[in-house]
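Structural overview
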Amino acid sequence: MTQAEINSLLDAMQAQFDQTGDEADRPGVITFQTDAWIGKNLPTCCTAIWRGIRYRGVRILVSKDRETRVWTRGEAAAGGQDGGPYEDLKSIADAAV
């Protein structure tokens, strides 16, 4: 999954939330299977251990047992992929900091 694909999915989820107002439609978590994560050139940050690795404010979870996917908050909750604590989606420019 490329950075452009991730951005497209995150923006689509945010647009869906903007239409529905349903928190479950907001971007929830990005998961990577370990092999897909290794060598990924994604500009992430980790400012505190409790926040975890983040891209555009969305938590990234990496494990050999995870699929590489972008989840809404509703999908993440139903699929046992806890991306909390949730934050608002940041713009690409704000995420570069």
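Now for a quick tour of the structure. (Residues numbered from 1 in each chain as written. Predicted model: local features only at pLDDT ≥ 70, side-chain atom pairs only at ≥ 80, totals over all residues. Heavy atoms only, no water.)

1. Quick look at the pattern of salt bridges
Per the stated rule, a full pass over the model turns up eight salt bridges. For Glu-75, the salt bridge is made with Arg-69, and the minimal N-O distance between the two is 3.5 Å. With a relative accessible area of 33%, Glu-75 lands in the partly exposed category. When its relative accessible area of 25% is taken as the criterion, Arg-69 is described as partly exposed. Salt bridges linked by common partners bring Glu-23, Arg-26, Arg-73 and Asp-88 together as one network. (Salt bridge = Lys/Arg side-chain N within 4 Å of Asp/Glu carboxyl O. Buried < 20%, exposed > 50% of the residue type's maximum accessible area, 1.4 Å probe, protein only.)

2. So, helix α1 (residues 3-20)
Relative to the 26 Å expected for 18 residues at 1.5 Å per residue, α1 spans 26 Å between its end C-alpha atoms, a close match to the ideal helical length. Of all the residues in α1, the buried ones are Ile-6, Asn-7, Leu-10, Met-13, Gln-14 and Phe-17. Down the axis of α1, the smallest arc covering the buried residues is 130°, so these residues share one side. Set apart from the buried face of α1 by more than 90 degrees, the exposed residues are Ala-4 and Gln-19. Close packing links the buried residues of α1 with β1 (27-33), β2 (54-55), β3 (58-63), β4 (69-72), α3 (73-78) and α4 (92-95). Two residues or fewer past α1, Gly-21 is found with a positive phi of approximately 75°. (Helix = DSSP H or I, 4+ residues; strand = E, 2+ residues; numbered from the N terminus. Expected span 1.5 Å × (residues − 1). Arc of directions from axis to C-beta. Contact = heavy atoms within 4.5 Å.)

3. Remarks on the sheet that holds β3
Read across the open sheet, the four strands follow the order β2-β3-β1-β4; overall the sheet is mixed. For this open sheet the edge positions go to β2 and β4, each flanked by a neighbour on one side alone. (Pairing = 2+ DSSP bridges.)

4. Notes on the nonpolar core
Formed by Ile-6, Leu-10, Met-13, Ile-30, Phe-32, Leu-42, Tyr-55, Val-58, Ile-60, Val-70 and Leu-89, the largest nonpolar core amounts to 11 residues. Where this core is concerned, the elements lending two or more residues are α1, β1 and β3. The element best represented in this core is α1, accounting for three residues. Leaving out residues up to four positions away in the same chain, Leu-89 has contacts with Leu-10, Asp-11, Gln-14, Pro-27, Arg-56 and Val-58. (Core = buried A, V, L, I, M, F, W, Y, C linked by side-chain atoms within 4.5 Å.)

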